Amino acid sequence: MPICLRDGVTTLMSDETIQRKVEHLEVALSDEVESNKISFWQDVELIHTCLPEIDIDEIDLSVSFLGWKLKYPFILSALTGGCKRAEKINRVLAEVAKHFSVGMQLGSGRVLFENEAYLHTYRIARDIAPEIPLFANIGVPQINKQNFEKIKRMVESIGADGLVVHLNFLQEALMIEGEPFAKDRLSAIENLVKFLSVPVIVKETGCGISREIAMKLKDLGVSALDVAGKGGTSMALIELKRAKLRNNLRHERLCRIFSDWGIPTPISIIEAKTSGLPIIGSGGIRTGLDAAKAIALGADLVGMARPLLLWAQVGTDKVIDGLEIFFNELKIAMFLTGSRNLSDLRKKRVLIKGQVREWI
Ligand SMILES: Cc1cc2nc3c(=O)[nH]c(=O)nc-3n(C[C@H](O)[C@H](O)[C@H](O)COP(=O)(O)O)c2cc1C
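Residues numbered from 1 in each chain as written. Predicted model: local features only at pLDDT ≥ 70, side-chain atom pairs only at ≥ 80, totals over all residues. Heavy atoms only, no water.

Q: Just to check I follow, could you spell out the packing of helix H2 (residues 84–100) against helix H13 (residues 316–336) for this structure?
A: Packed helices, taken two at a time, are described by the angle their axes make and the gap between the axes. One way to put it is that H2 packs onto H13 with a least axis distance of 9 Å and a crossing angle of 40°. Judged by the inter-axis angle, H2 sits oblique to H13. Where H2 crosses over H13, the handedness of that crossing is right-handed. The segment H2 lies against H13, with Val92, Glu95, Val96, His99 and Phe100 engaging Thr316, Val319, Ile320, Leu323, Glu324 and Phe327. Looking at the contact of H2 with H13, its residues break down into seven nonpolar, two polar and two charged. (Axes fitted to C-alpha atoms, helices over the stretch in contact; angles between N-to-C directions. Helix = DSSP H or I, 4+ residues; strand = E, 2+ residues; numbered from the N terminus. Parallel < 35°, antiparallel > 145°, perpendicular 65-115°, else oblique. Left-handed = near helix turned anticlockwise from the far one by under 90°. Contact = heavy atoms within 4.5 Å. Nonpolar A, V, L, I, M, F, W, Y, C, P; charged D, E, K, R; others polar.)

This is the structure in structure tokens:
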């Protein structure tokens, strides 16, 4: 294997994977990657309670998730790790997770399988925030028996409390270097769950999880699901931008055709919840009101990725400020529905209109 210098670190292999990560980060900073033609959250309404009979400062946003007690129903969705820029981003994100006592998912740790030179870009999160629930991350294509030990070592060396397995077959099918091979992946997940002693969360990356797959994943012993549905960052639009940069007309066309693919986040929450597993509602959560709606539909936590990446470019205070505004919006939505805590909010009636209603 060639030794090369890329991204400032000598590496034995994965320069292509690392280069792709750097490119994904760059491209994700552009607004064209949000599939926000319509916000599915506009189709979900909470019903106003004109006399809520609570004071806003009594409202409790805390939640239990997989045995952790979190101050806010929030987890930072997976973004990065494994390239030079990732260290700074993960440092900022971990400072934020620590500030709010919420969970954090790291980006895919695939590069660590062959080269541990980038371990610090993930490990920084644990060093900064020793107490938070921290999740390592790997793509489902990488789950092979010969990798089980490597995955275990990755989780341990990062100091993670659990593993997120991400599903990204839309991206694999559209990406120029994609590997759209999904045979035997359910049994691979099942074997990995049995092999590891930490909780495994299965997560989509912008296309949502259906009821049928949620049920199957529950039977395999998965601990929670992160729906990451359609309505926020679109992997098809990210790949479209990359194809354009390469002047690759064939891939441009493919990405455009599938740019609207996926299950909208509100629908995916409703569907995945029928499994009975804890649910992270994510994919296009942009305001505290979106979060309130996601929780009212059955999500235990909400997650957010791209807005955090944008704020993190400015610094920790900017992300903290963004999330303070977000949690205040959530609190106001709870106040106006007369919800003293999140379990009250989950019992409130929700009105579903338009496209989301059609899906149901
Ligand atoms: C630059 C970038 C890198 C990402 N890398 C990962 C990853 O390594 N693993 C993963 O599970 N999801 C990854 N995602 C997906 C996000 O975690 C999230 O599911 C998706 O962006 C939808 O959430 P959003 O609409 O709040 O951005 C990535 C997203 C972006 C924008």
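Q: Looking at this model, I keep getting lost on the environment of leucine 336. Mind explaining?
A: Within the secondary structure layout, leucine 336 lies in helix H13. For leucine 336, a relative accessible area of 35% puts it in the partly exposed group. When near neighbours in sequence (up to four residues on either side) are disregarded, leucine 336 contacts Ile47, His48 and Thr49. (Buried < 20%, exposed > 50% of the residue type's maximum accessible area, 1.4 Å probe, protein only.)

Q: Help me out: how do you make sense of a nonpolar patch on the surface in this one?
A: On the surface, Ile56, Ile332 and Leu336 cluster together into a nonpolar patch covering about 210 Å² of accessible area. Structurally, the position occupied by isoleucine 56 is in the loop between strand S3 (44–46) and strand S4 (63–65). Using a relative accessible area of 35% as the deciding quantity, one classes isoleucine 56 as partly exposed. (Patch = residues over 30% accessible without salt bridge, like charges linked within 9 Å, V, L, I, M, F, W, Y side chains within 5 Å. Areas by Shrake-Rupley, 256 points an atom, 1.4 Å probe, with all protein chains shown as cover. Salt bridge = Lys/Arg side-chain N within 4 Å of Asp/Glu carboxyl O.)

Q: It is not clear to me how the site of the ligand should be interpreted in this structure. Could you clarify?
A: Near the ligand lie 21 residues; those nearest to it are Ala78, Ser108, Thr233, Arg286 and Ala305. The contact in question runs from an oxygen atom of the ligand to an N or O atom on the backbone of alanine 305, over 2.9 Å. Within the complex, the protein chains bury 94% of what would otherwise be the 610 Å² of accessible surface of the ligand. Its residues assigned to classes, the shell around the ligand comprises seven nonpolar, 11 polar and three charged. (Near = heavy atom within 4 Å. Polar contact = N/O pair within 3.5 Å; in protein donor to acceptor, adjacent residues only side chain to side chain.)

Q: Looking at this model, I keep getting lost on the pattern of salt bridges. Mind explaining?
A: Evaluated as defined, the whole model comprises 20 salt bridges. Put simply, glutamate 239 and arginine 242 hold a salt bridge, and the shortest N to O gap is 2.7 Å. Placement of both glutamate 239 and arginine 242 in helix H8 (residues 235–245) is noted, with a separation of three residues, approximately one turn of the helix. For the pair shown, glutamate 239 and arginine 242 are each scored as buried. Connected through shared salt-bridge partners, Glu23, Glu177, Glu239, Arg242 and Arg246 make up one network.

Q: I'm lost on the packing of H8 against helix H9 (residues 249–257) in this one. Help?
A: Viewed as axis vectors pointing N to C, H8 and H9 meet at an angle of 160°, and their least axial separation amounts to 8 Å. Judged on the interaxial angle alone, H9 and H8 are roughly antiparallel. For the pair H8 and H9, the crossing hand works out as left-handed. Side by side, H8 and H9 meet where Ala236, Glu239, Leu240, Ala243 and Lys244 of the first sit next to His251, Glu252, Cys255 and Arg256 of the second.

Q: Sorry, what's going on with the sheet that holds strand S10 (residues 200–203) here?
A: Sheet strands pair via backbone hydrogen bonds, and the direction of the pair is either parallel or antiparallel. Read around the closed barrel, eight strands run S6-S7-S8-S9-S10-S11-S12-S13, paired in parallel fashion. Neighbouring strand axes in the sheet, compared pairwise and without regard to direction, differ in orientation by 25° on average. As defined by bridge partners, S10 adjoins strand S11 (residues 224–226) across three bridges and the pair is classed as parallel. If you follow isoleucine 201 over to S11, its bridge partner there is alanine 224. (Pairing = 2+ DSSP bridges.)

In short, the description is geometric, and any link to function would need to be established separately.
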